[in-house]
Amino acid sequence: MKQEKIRIRYCGRFAPSPSGPLHFGSIVTAVGSFLEACTQGGKWLVRIEDVDVTRIRPGMDSLILRTLENHGFVWTGEVVYQHCRIEAYRAALDDLCARKHVYECLCSRKEMGLWPVNSEGEPVYPGICRHKGLNSAAGSTRRLNVQDAVISFCDATYGIQVSELAREAGDFVLQRKDGLYAYQLAVVVDDDWQQITHVVRGSDLLTSTGRQIFLQKALDFPVPAYRHLPVVLNSFGKKLSKQNLAQPVEPKRESQTLCRALSFLGQDPPDELGRARVEDVWTWARSNWNPSRIPLYKQARFP
Ligand code: GLU
């Protein structure tokens, strides 16, 4: 019999990858996720998403944590590192294999150019190896068979979302050729293990959510609530990201950065708050946070 897990009322998280220092866009996400947790009397956890060791930059995890502390963020418990969670990802993948959701794929990266692409221009695997019954071999990729699943969920900011997995993602990768576990698997296993009830993150991950809900259902995990936030674009119209070397947030201007993040999230803090102490910014933010004022666009530049 399936055992229902009992969850606490609100547990949120912030899950940066240590591939670079925090930029303004990361602070926006952290502010939104932290304020949602605080104002709902919940916990807020920090998880360092270093499952993809090829993208880590040494020392970035401690820099990120220091930047969060300097901005007055306070988290519950120890920071979790994904590189310490490999056994849990292996167990989840074994479980999915036992349930016949996974298959081995020997297609090469070169062949990717022949696959269809989704609305974001990402290749969608057309299931070439799905029925080949390949045995696991060195150099094979492990993929999740999504069949014709259609996942719908209600995002707290953007409303009802419908995700046709075969068209948008195809049979996506759970374990890469080099043995590394994929983000989609790691995030689902960790959100469950940490008993996350509410995921608040950038809208660039809205299209990953259908895949994650599909995995949660396949693993019998409860599905958390999701709220996505608009992402910040640079002057070229590209999302600020650690990989495209977005400028780190400036030290010693924490209150100003927090106020800019609050404005980006539609909260309209008074001008003088940018010159106040970090604690005062948080006091204002906690008592004035109104998620219904978060803009409904998915991305925007910010002066
Ligand atoms: N690690 C991801 C990032 O830094 C966030 C993943 C998530 O919040 O699910 O963009």
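Before reading further, recall that the structure is shown in the block above.
Quick summary incoming for the structure in this document.

Procedures and definitions
- Residues numbered from 1 in each chain as written.
- Predicted model: local features only at pLDDT ≥ 70, side-chain atom pairs only at ≥ 80, totals over all residues.
- Heavy atoms only, no water.
- Helix = DSSP H or I, 4+ residues; strand = E, 2+ residues; numbered from the N terminus.
- Rg over C-alpha atoms; globule rule 2.2 N^0.38 Å.
- Buried < 20%, exposed > 50% of the residue type's maximum accessible area, 1.4 Å probe, protein only.
- Contact = heavy atoms within 4.5 Å.
- Areas by Shrake-Rupley, 256 points an atom, 1.4 Å probe, with all protein chains shown as cover.
- Lys, Arg positive; Asp, Glu negative; His and termini not counted.
- Charge placed at Lys NZ, Arg CZ, Asp CG, Glu CD.
- Near = heavy atom within 4 Å.
- Polar contact = N/O pair within 3.5 Å; in protein donor to acceptor, adjacent residues only side chain to side chain.

We now examine the overall build of the chain. Looking only at helices and strands, one finds 8 helices and 12 strands in the chain. Here the C-alpha atoms of the chain give a radius of gyration of 20 Å, agreeing with the 19 Å that 2.2 N^0.38 yields for 303 residues. Seen through its principal axes, the chain has C-alpha atoms that stretch 65 × 45 × 35 Å. A burial count over the chain gives 52% of its 303 residues as buried. For the chain, long-range pairs separated by at least 24 residues make up 77% of all intrachain contacts whose partners lie at least 6 apart in sequence. About 15100 Å² of surface is accessible on the chain, with carbon and sulfur atoms providing 52% of the total. Where the 39 positive side-chain charges of the chain centre and where its 33 negative ones centre are 2 Å apart.

With that settled, consider the site of the ligand. Lining the immediate environment of the ligand, one finds Arg13, Ala15, Pro16, Ser17, Glu49, Tyr183, Val187, Arg201, Leu205 and Lys242. Within the side chain of glutamate 49, one N or O atom sits 2.7 Å away from a nitrogen atom of the ligand. Within the contact set of the ligand, an oxygen atom lies 2.8 Å away from a side-chain nitrogen or oxygen of tyrosine 183. Coverage of the ligand by the protein chains reaches 80% of its 300 Å² of free accessible surface.

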